[in-house]
Amino acid sequence: MSDDIPFDKSFDLPPGRVEEVMPGVRRLLCNNPGPFTFKGTVTYIVGRDQVAIIDPGPIDEAHIAALLDAVRGETVTHILVTHTHRDHSPAAASIKAATGAKTYGEGPHRAARALHIGEMPPLDSSGDRDFHPDIVLPDGEVVSSPGWRLEAVTTPGHTANHIAFALEGTPVLFCGDHVMAWSTPVVAPPDGAMSDYMASLEKLGRRAETLYFPGHGGAVRDAPRFVQLYIAHRKAREASILRRLATGETDIPALVRSIYIGLDPRLTKAAGLSVLAHLEDLTARGLVATAGTPSIEGRYRLVVAAG
Ligand SMILES: [Zn+2]
């Protein structure tokens, strides 16, 4: 989709195999590959003996069994959820039932803004409205067990309730779907909001962690530089939208055709929503105008500054 970010698509973990990626951090891949999930959801196990599970994953019996098997003989003290998309949070209920651990995060799933009249959540099957965490984590809250401490870093944008987790005393951030090594994530209204997404990138850019473990694919190394490339990528996307609008009023399908060259056809709808996310942001900033609220069917034009 873009050649300005050095994406790394190498990720060879077979589903069901537990791999220790560094001392005290294990990962396990769920077999739910797809255009948005890459090879599948990656679940992390933090600590030894008293462990946290980050993103139990979807309702997938084989994955849930493999995860419970991986922690057999240990105590699961915390079940942490980065966000309430169906590939991340639903298995929390099964893991809680099997282990008695409490769930932490923010839920249930909610949109980043009110729905417009007649608007359906466009990727509606993706939200988990059943996840009600036992403990809601505000920004900066630390949860811990002997051997590890995890700090909640709220990172809205991909979803309104997205949280990353920093592993204290290490360079590690479990970053959910906010930053990934293999692709940029979808920021799709009404789940996602571009202004929030950019603000969360800036927030991560000010932090010290250098090694990110995302919800899909392999680790992001040299993360602060990667985050800056992400920011530049979104700004470049915004600039191409503004350039296209400078040639005249247009709609989202035309913008997608002119901006996303060689797009996987399965991602056309998501690309339209990503463009909508930019247009919502640009409209709120007074740079772009449309009739009524920005919508996927709307026509958009540049606001030319007077004087
Ligand atoms: Zn995901």
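Since we're looking at a predicted model, the values are computed, not measured.

Calculation notes
- Residues numbered from 1 in each chain as written.
- Predicted model: local features only at pLDDT ≥ 70, side-chain atom pairs only at ≥ 80, totals over all residues.
- Heavy atoms only, no water.
- Helix = DSSP H or I, 4+ residues; strand = E, 2+ residues; numbered from the N terminus.
- Buried < 20%, exposed > 50% of the residue type's maximum accessible area, 1.4 Å probe, protein only.
- Pairing = 2+ DSSP bridges.
- Donors = N, O, S within 2.8 Å, 3.2 Å for Na, K, Ca; no water.
- Tetrahedral: all angles 85-135°; square planar, octahedral: opposite > 155°, others 65-115°.

(A) Just unusual backbone geometry, in detail. Cis geometry is found at the peptide bond from G107 to P108, where omega equals -5 degrees. Tracing the backbone shows P108 in the loop between β6 (102–105) and β7 (135–136). Omega for the bond connecting P189 with P190 falls within 30 degrees of zero, at 5 degrees, which places this linkage in the cis form. By secondary structure assignment, the location of P190 is in the loop between β11 (172–176) and α3 (194–205). One non-glycine residue, D49, adopts positive backbone phi at about 70 degrees.

(B) Region of the structure containing the pairing of strand β12 (residues 211–214). Going residue by residue along β12, you find L211 and F213 tucked away on one face and Y212 and P214 tucked away on the opposite face as well. Pairing analysis gives four bridges linking β11 to β12, with the strands arranged parallel. Its bridge partner being in β12, G176 is matched across the sheet by P214.

(C) Representation of the coordination of the zinc ion. Around the zinc ion, the donor atoms from the protein are D87 (OD), H88 (NE2), D177 (OD) and H216 (NE2), and they sit 2.0 to 2.3 Å away. Given four donor atoms and angles of 85 to 160 degrees at the metal, the environment of the zinc ion is assigned as irregular. Every donor residue of the zinc ion comes from the same chain, spaced as D-H-x88-D-x38-H. Of this pair, D87 sits in the loop between β5 (75–80) and α2 (92–99) while H216 sits in the loop between β12 and α4 (223–246), and the two are 129 residues apart along the sequence. Using a relative accessible area of 13% as the deciding quantity, one classes D87 as buried.

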